[in-house]
Amino acid sequence: MATLTSQSGTYMTTLPARNQLLRIITVGAFAVVLTASECPLDDNTPGNGNGNGGDTPTPTTIVAAGGGGQTATVGTALANELVVQVDDQSGNPMAGVEVTYAVSSSSGSVMAGAAAALSESFDGGSVTPSSTSTGSDGRATTVWTLGTTAGDQEVTASVTGIGTSAVFTATATADVAVSVTLVSGDAQSGFPNTPLSNPIVVKVADQYDNGVDGEAVDFSVLSGGGSITASDTTGTDGNAQATWTLGPAVGANTAQASATGLTGSPIALSATASTLTVTGVSPDPLVEGASATITGTGFNLTPGNNSVMVDGRAATVTSVANEFSMNITVPTFDCRPERLVDVMVSVGAFNDTYADHKLEPMSAQLALSVGEQTIIDDPADFCLQFAASAVPNEEYLIGVGASAEVPSQVVPFMMTSVAGVSSAPPAMVPRPSRSAATRPPAFDAELSALRERQATREAEIRAYERRALDPANNPGIRYLSGRPMSDNPLAAAAMAPTDTLGHQRQFRVPGSSCSEFTEITATVQKVGSKGIWYTDDANPTGDPLTQGDIDSASTLFDDFIYPFATAFFDVPSDIDNNSKIIIVLTKEVNAMDAAGFVYSGDLVDRSSCAYSDEGEIFYGYVPDGTYTRQSVVNFLPVLIAHEFTHNIQISRRTVLLSGGTFPASWIAEGQATFAEEVVGHAYTGNSAGNNYDGSVARAGPPYWYWQGLTKLGYYFGGNGGTKVANAPEDCTLFGNFSGNIGVCDQSSFYGASWSMLRYLTDRFYSADPSAFHKDIISANPGMLGVANVEAVTQMNFDTLFAQWGAMLYMDDWSPGVPAELSMTSWDLPHVLSEVAATAGLEPADRAFGAFSDSRSVRGGSHAYTIVSAAGSRPALAIRVRDGGDDVLASTGMTPILWIVRVQ
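Remember, it's a predicted structure, so these values are computed and weren't measured experimentally.

Engineer: How should the sheet that holds strand 12 (residues 139–146) be read in this particular structure?
Structural biologist: Strands in a sheet are paired, the pairing made by backbone hydrogen bonds, and the direction either parallel or antiparallel. Ordered in space as 5-7-12-10, the 4 strands form an open sheet in which the pairing is antiparallel. Two strands close off the open sheet at either side, each with one partner strand: strand 5 (59–66) and strand 10 (125–128). The sheet shows a mean angle of 30° between the axes of neighbouring strands, taken without regard to direction. For strand 7 (residues 82–88) and strand 12, the ladder comprises 4 bridges, and the chain directions are antiparallel. Note that in strand 12 the partner of Val 84 across the bridge is Ala 140.

Put into structure tokens, the structure is as follows:
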């Protein structure tokens, strides 16, 4: 049996529930429903071979069944409904399936879900209803109202669980025209009788701003005598355009675009017929970053419609007074020199150029007299500007320095110059070499080799002391207490010293650490007023020091070394209460490949340092076959003066003053080397401030001046027959025995630090030099190096460092060198030409033209460059930047740029 169902009702009763609905057959107005009993092939019984398998019908496909491809005016409903068909997996219509619609607008798809309102409007339109269910025929319908944007629109119908959707498209056409507006092309400038570079474009639009096709627009000239060629009607985008040819006269042209009956009509149009010319630029010269005025004809009254380029870089047009005058702000450049530039003005497609106008840099140009120095400490300002000059034989010394007390680090930099003209640079000023020796070496080979070995050994000693014995690094170290060594002979006599002539005593000669020592027995050979002289009982007997040698050395110590060193640097401690310094001459010093030393460990309790002999002691070498008696006699006085100063420095800061620490290495060695000079002056009758030349420096033996002056030559790269490359920029004033001193000899900082202290003494303390050196040791016992120098001098070290760096080259080189760039005690160029063949300071030579140098400078030094011109020269700008041409980062190194005029 079957049940007949029509759209108006059911005409027969249904079959029992056990019978399954398998087919719906439409017969006229009826749908015939066949059950399993009437259609046995559709039996759901498994294994009947009908292929159905007993599946429950589910919605499987959805297709657009009608309503797509329509066209209507924007904002109106389509004439025909949108129809979708939903079928199950067997292709049968599915009733009661919910269909949801999504309208696509210009901003994307918007879903109209079941929970939304029945009618929902979007830019792309709306559907009503936004969701609906299929009828018994599997169909669902909705009404689509188009959006307000002309063009193709889209609706998507979807059913949950079906992976595909039904898509409907429609075309929305513009509504009736209501307005006309300007798109582009107004306020242009052009030449007379010439079409403007850009067309005039207007748009006719409906109420929703959709362009309306086929609308008439009339373009007409109002004044100026030109003509317009235009399209008759608007295009599909609603635009109409015209080409406007200006009239024959210079001046204003006007026109209009009109569309009858539309809002915005007519549209007024203006243009300027111009013969664009630039007749003047002021001031002369222009200055980077400053205001300037350009005069001419044909300027646009709107500042932004004028373009001005100065030397290829855009200027800012600040105002336009009229078509004949405008004001600009001149652009800035990164360290470019004074030069002739082109000023180009553009208005629309037209331009004119004012050529060869002078432009000056924003930063001041240098105007230095001979010997005058300028120091720049901000890396952002590392730019040197030179005006063009016709003065012959100009020569400038430029230094890039790193004044931070960090000798292990370097500052890489690029020095780049740009000339004001592109012609070949002028010839450099011939510069005599400072490294050509005029005399043979001043010192014997044995002594020179010994001093180098001595410096190496002293480096090891000082490095160990700083690690293990400096209170700053080892707060637990216990220095013995003591009074200052007395100069009162009555007090000294009352102490009844036990170290008398012939007295024997055991000493522990230090090794590499406090736990390493060699114990010796030594006998007193001489008791002077300030020194007790012991000799090791096991010293070699071949060619030994005679009693006369020891007597002479004792007299020299009592009469010169002790009194003048203590007058200059102050008295040391006296922890053993004998008012004397003990000098022990032993072969054990020879065994250490050294000449002599003092050890800080002798000032501490033996429980803190096993080798301590608990007194102020100097250990010196003896003749042993390698070193002759005469060489020992010649060298010992200078060596004792040096090492005795270390005893003063360390004992005063650690024994006599609370909170003290070891002095910075460069200060310690600089002062000890200075002491050699001080005692030498007393011994020879010389005095500071007399600008001595090489003949005095070479005098000896003893060679009192050898160390400071020769090792300054080492700092300049002259410690051999071949000049060391990259010196002094890869050397350092701040040597500290750590090995981070670059390409120079390990002891080169002795000379650099001596020269710094001699320079400061000559310049600021010539009336009372001892006050400076005593303060460096004792005024701030817990303060080191640069900080200590600044505290004592009350001056910025960066400035002192830059002036010292310039002094090393300028001293006695040019007439009229000022005091701040001079060392009044020594004629450095002459001295250095005498002490070694390669000892002179030799800067890099560059002409007044374009160049680019990649270099670096170590902490505690300067990189030197000479820039010179033998004749007339162009303007020049020299900048110092990093490798990427950016401002140098300080990175804790405090880069400094300075320049001084040499001649």
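Engineer: What is the right way to look at unusual backbone geometry in this model?
Structural biologist: For residues other than glycine, phi is negative in most cases, and the peptide bonds are mostly trans. Omega for the peptide link from Asp 284 to Pro 285 comes to 5°, which places this bond in the cis form. Assignment of secondary structure puts Pro 285 in the loop between strand 23 (277–282) and strand 24 (286–287). Of note, the amide linkage connecting Pro 701 to Pro 702 takes the cis form, showing an omega dihedral of -10°. Residue placement: Pro 702 occurs in the loop between helix 7 (694–698) and helix 8 (706–715). Backbone geometry at Asp 311 places phi at a positive 50°, although glycine is not the residue there. In this fold, Asp 311 is placed in the loop between strand 26 (306–310) and strand 27 (313–314).

Engineer: Can you walk me through the packing of aromatic side chains in this structure?
Structural biologist: Two descriptors summarise a pair of aromatic rings, namely the distance from one centre to the other and the angle between the planes of the rings. Scanning the entire structure with this criterion turns up 33 aromatic pairs. Measuring from centroid to centroid gives 6.2 Å for Tyr 715 and Trp 804, while their planes differ by 35°, and the two rings are tilted. Of this pair, Tyr 715 sits in helix 8 while Trp 804 sits in helix 12 (residues 797–810), and the two are 89 residues apart along the sequence. Trp 804 matches Tyr 715 in its accessibility class, with the two residues each being buried. Taken together through their ring pairs, the aromatic side chains of Trp 666, Tyr 715, Phe 716, Phe 734, Phe 797, Phe 801 and Trp 804 make up a single cluster. The ring centre of Phe 333 lies 4.8 Å from the NZ or CZ of Arg 339, which sits over that ring. Sitting over the ring of Tyr 750, Lys 711 keeps its end group 4.7 Å from the ring centre.

Engineer: Can you walk me through the sheet that holds strand 22 (residues 267–273) in this structure?
Structural biologist: Reading across from one edge, 16-22-21-18 is the order of the 4 strands in this open sheet, with mixed pairing throughout. Edge positions in the sheet fall to strand 16 (188–190) and strand 18 (218–223), since each of these pairs with one other strand and no more. On average, adjacent strands in this sheet sit at an angle of 30° to one another, irrespective of strand direction. By the bridge criterion, 3 bridges tie strand 16 to strand 22 in an arrangement that is parallel. Among the inter-strand pairings, Gln 188 is bridged to a residue of strand 22, identified as Ala 271.

Engineer: Hey, could you run me through the nonpolar core in this one?
Structural biologist: Across soluble globular proteins, you tend to see nonpolar side chains buried next to one another. Judged by nonpolar contacts, the single largest core of 132 residues is most densely connected at Trp 666, Trp 804, Leu 808 and Trp 826. The contacts of Trp 666, once residues within four sequence positions are left out, are Glu 405, Leu 733, Phe 734, Gly 735, Phe 749, Ser 753, Met 756, Gly 785, Val 786, Val 789 and Phe 797. In this structure, Leu 368, Met 415, Leu 876 and Met 893 belong to the second largest nonpolar core, which totals 26 residues.

Engineer: I'm lost on the state of the cysteines in this one. Help?
Structural biologist: By definition, a disulfide links the sulfur atoms of two cysteines through a covalent bond. A complete count under the given rule lists 3 disulfides for this structure. The partner cysteine of Cys 335 in its disulfide is Cys 383, sulfur to sulfur 2.1 Å. Between Cys 335 and Cys 383 the disulfide shows an S-S torsion of about 90°. By sign, it is right-handed. Of this pair, Cys 335 sits in the loop between strand 29 (325–329) and strand 30 (339–347) while Cys 383 sits in strand 33 (residues 383–386), and the two are 48 residues apart along the sequence. Note on accessibility: Cys 335 and Cys 383 belong to one class, buried. Across the disulfide, Cys 731 is cross-linked to Cys 744 (sulfur-sulfur distance 1.7 Å). As the torsion about the S-S bond is roughly 65°, the Cys 731-Cys 744 disulfide counts as right-handed. Placement of Cys 731 in the loop between helix 8 and helix 9 (748–764) and of Cys 744 in the loop between helix 8 and helix 9 is noted, with a sequence separation of 13 residues between them. Note on accessibility: Cys 731 and Cys 744 belong to one class, buried. If the cysteines joined by disulfides in the protein are listed in sequence order, their pairing comes out as 1-2, 3-4, 5-6.

Engineer: Looking at this model, I keep getting lost on the packing of helix 5 (residues 629–656) against helix 10 (residues 769–778). Mind explaining?
Structural biologist: Packed helix pairs are specified by the crossing angle of their axes together with the interaxial distance, meaning the distance between the axes. Contact geometry for helix 5 and helix 10: axes closest at 9 Å, N-to-C directions at 50°. Here helix 5 lies oblique to helix 10, going by the angle between them. Side by side, helix 5 and helix 10 meet where Ile 648, Gln 649, Arg 652 and Arg 653 of the first sit next to Ile 776, Ile 777 and Ser 778 of the second. Across the contact of helix 5 with helix 10, the residue classes tally to 3 nonpolar, 2 polar and 2 charged.

Engineer: Sorry if this is basic, but what is going on with helix 3 (residues 547–569) here?
Structural biologist: Because each turn of an α-helix spans 3.6 residues, side chains separated by three or four positions in sequence point in the same direction. Along helix 3, the sharpest change in direction is near 45° and occurs at Phe 557. Remark: Asp 570 follows helix 3 within two positions and exhibits a positive phi of approximately 95°.

Engineer: Would you take a moment to explain the pairing of strand 37 (residues 504–510) for this structure?
Structural biologist: Looking along a regular strand, one sees the side chains alternate between the two faces of the sheet. Direction of pairing for strand 37 relative to strand 38 (residues 517–527): antiparallel, over a ladder of 7 bridges. By the bridge assignment, Arg 508 is partnered in strand 38 with Glu 519. With antiparallel pairing between neighbouring strands as the criterion, strand 37 and strand 38 make up a hairpin whose turn holds 6 residues.

Engineer: Looking at this model, I keep getting lost on the environment of Ala 249. Mind explaining?
Structural biologist: Its place among the elements puts Ala 249 in the loop between strand 20 (239–245) and strand 21 (251–258). Residue classification places Ala 249 among the partly exposed residues on the basis of a relative accessible area of 45%. Here the alpha-carbon distance between Ala 249 and Gly 226, two residues 23 residues apart in the chain, equals 9.4 Å. Discounting chain neighbours no more than four positions away, the residues touching Ala 249 are Pro 192 and Ala 273.

The rules behind the values
- Residues numbered from 1 in each chain as written.
- Predicted model: local features only at pLDDT ≥ 70, side-chain atom pairs only at ≥ 80, totals over all residues.
- Heavy atoms only, no water.
- Pairing = 2+ DSSP bridges.
- Helix = DSSP H or I, 4+ residues; strand = E, 2+ residues; numbered from the N terminus.
- Axes fitted to C-alpha atoms, helices over the stretch in contact; angles between N-to-C directions.
- Phe/Tyr/Trp six-rings, centres within 6.5 Å; stacked < 30°, edge-to-face > 60°.
- Buried < 20%, exposed > 50% of the residue type's maximum accessible area, 1.4 Å probe, protein only.
- Lys NZ or Arg CZ within 6 Å of the ring centre and 35° of its normal.
- Core = buried A, V, L, I, M, F, W, Y, C linked by side-chain atoms within 4.5 Å.
- Contact = heavy atoms within 4.5 Å.
- Disulfide = S-S within 2.5 Å.
- Parallel < 35°, antiparallel > 145°, perpendicular 65-115°, else oblique.
- Nonpolar A, V, L, I, M, F, W, Y, C, P; charged D, E, K, R; others polar.
- Bend = angle between axes of the 7 residues up to and from the residue.

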